[in-house]
Amino acid sequence: KALGNSAKPGEEYFRLGEVSLAQEKYGEARNFFNQSLQADSQLAENFFQLGLIELYGFRNKELTITNWERFLQVRPNDRQADKIRAAINILKQQSFTIPPESSNIPMDEILMMGGGAILPPDIPIEPARGDAESVRTEEKPAELLPDTGL
């Protein structure tokens, strides 16, 4: 069945966009989500996905903000709305810069940190190691925690 003859082409383009996004084919995914919007402008989820593509795929904070704000205009009470607003506020900070793809800090982590802990990409980040890692106990985990009956 040809996609153009589909009863719900917007939804089908959306699904194709999801597949392309999962495969990190950002340009292709962007095209499918835009086609989905052309077929059905009420599918607000497209704006959310387009924001993700701009953030992760193209590192474009302005288009990420634009798409996520469009999403919130259509679905202001979405269950993710507060998290999206928080991410938009972080992205709008003048001091916030999206790191290059070569950065070893995951984008999710950067947004959770509010952008405040971003280091230049040439500074390697080593995992923290505490002294407790060298201390071993002979007790079993079950003996360390009280039985709360849960």
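Asker: What is the right way to read the packing of aromatic side chains from this model?
Answerer: For any two aromatic rings, the description comes down to two numbers: the centre-to-centre distance and the angle of the planes. Inspection of the entire model under this criterion finds five aromatic pairs. Ring geometry for Y26 and F58: centres 6.4 Å apart, planes at 65°, overall edge-to-face. One end of the pair, Y26, is in helix α2 (residues 26-39); the other, F58, is in the loop between α3 (45-57) and α4 (61-74), with 32 residues separating them in the sequence. Assessed through its relative accessible area of 36%, F58 is described here as partly exposed. Aromatic pair F48 and W68: ring centres 5.9 Å apart, planes at 15°, arrangement stacked. Within this pair, whereas F48 is found in helix α3, its partner W68 is found in helix α4, the two being separated by 20 residues in sequence. On the basis of relative accessible area, W68 is assigned to the buried category, the value being 4%.

Asker: Which parts of the structure should I look at to understand the side chain of D78?
Answerer: Counting through the fold element by element, D78 comes out in the loop between α4 and α5 (81-92). Using a relative accessible area of 16% as the deciding quantity, one classes D78 as buried. One polar contact links D78 to R75, side chain to side chain, over a distance of 2.5 Å.

Asker: Looking at this structure, I do not really get the side chain of S20. What am I missing?
Answerer: Along the polypeptide, S20 turns up in helix α1 (residues 9-22). Apart from the residues lying within four places of it in its own chain, the contact partners of S20 are K25, E28, A29 and F32.

Asker: Please explain the pattern of salt bridges as it appears in this structure.
Answerer: Note on pairing: side chains with opposite charge can pair once their charged atoms come close. Considering all chains together, one arrives at seven salt bridges under this definition. Two residues, R15 and E11, come together in a salt bridge whose shortest N-O distance is 3.5 Å. In this pair, R15 and E11 both sit in helix α1, four residues apart, roughly one turn of the helix. Each of the salt bridges in this network shares a partner with another, and the network as a whole consists of K8, E11 and R15.

Asker: What's the story with the confidence of the model for the protein in this structure? I'm lost.
Answerer: The predicted coordinates ought not to be read in detail in places where the model reports low pLDDT. Per-residue pLDDT for the protein has a mean of 79; in total, 71% of the residues score no lower than 70. Within the protein, the element-level pLDDT minimum falls on helix α7 (residues 141-144), averaging 45, and the maximum on α2, averaging 97. pLDDT under 50 marks residues 116-128. Its contacts with residues more than four places away, or in other chains, come to 10 contacts.

Asker: Explain α2 here, please?
Answerer: Note that an α-helix has 3.6 residues per turn; residues three or four places apart therefore point the same way. For α2, spanning 14 residues, the distance from its first C-alpha to its last is 20 Å, which sits close to the expected 20 Å at 1.5 Å a residue. Listed in full, the buried residues belonging to α2 are Y26, A29, F32, F33, S36 and L37. Looking straight down α2, one finds that the buried residues subtend no more than 140° of arc, so they occupy a single side. In this structure, the buried residues of α2 make contact with α1 and α3.

Asker: What is the right way to look at the environment of I84 in this model?
Answerer: With respect to the helices and strands, I84 occurs in helix α5. Each C-alpha atom of the pair I84 and L72 lies 8.2 Å from the other, and the pair is 12 residues apart in sequence.

Asker: What am I meant to see in the packing of α2 against α3 here?
Answerer: Where α2 meets α3, the axes come as close as 10 Å, and the angle between the chain directions of the two elements is 160°. When the axis of α2 is compared with that of α3, the two are roughly antiparallel. In this structure, α2 crosses over α3, and the sense of that crossing is left-handed. Here α2 contributes Y26, A29, R30, F33, N34, S36 and L37 to the contact with α3, which in turn contributes N46, F47, Q49, L50, I53, E54, Y56 and G57.

The rules behind each value
Residues numbered from 1 in each chain as written. Predicted model: local features only at pLDDT ≥ 70, side-chain atom pairs only at ≥ 80, totals over all residues. Heavy atoms only, no water. Phe/Tyr/Trp six-rings, centres within 6.5 Å; stacked < 30°, edge-to-face > 60°. Helix = DSSP H or I, 4+ residues; strand = E, 2+ residues; numbered from the N terminus. Buried < 20%, exposed > 50% of the residue type's maximum accessible area, 1.4 Å probe, protein only. Polar contact = N/O pair within 3.5 Å; in protein donor to acceptor, adjacent residues only side chain to side chain. Contact = heavy atoms within 4.5 Å. Salt bridge = Lys/Arg side-chain N within 4 Å of Asp/Glu carboxyl O. pLDDT = per-residue confidence, 0-100. Expected span 1.5 Å × (residues − 1). Arc of directions from axis to C-beta. Axes fitted to C-alpha atoms, helices over the stretch in contact; angles between N-to-C directions. Parallel < 35°, antiparallel > 145°, perpendicular 65-115°, else oblique. Left-handed = near helix turned anticlockwise from the far one by under 90°.

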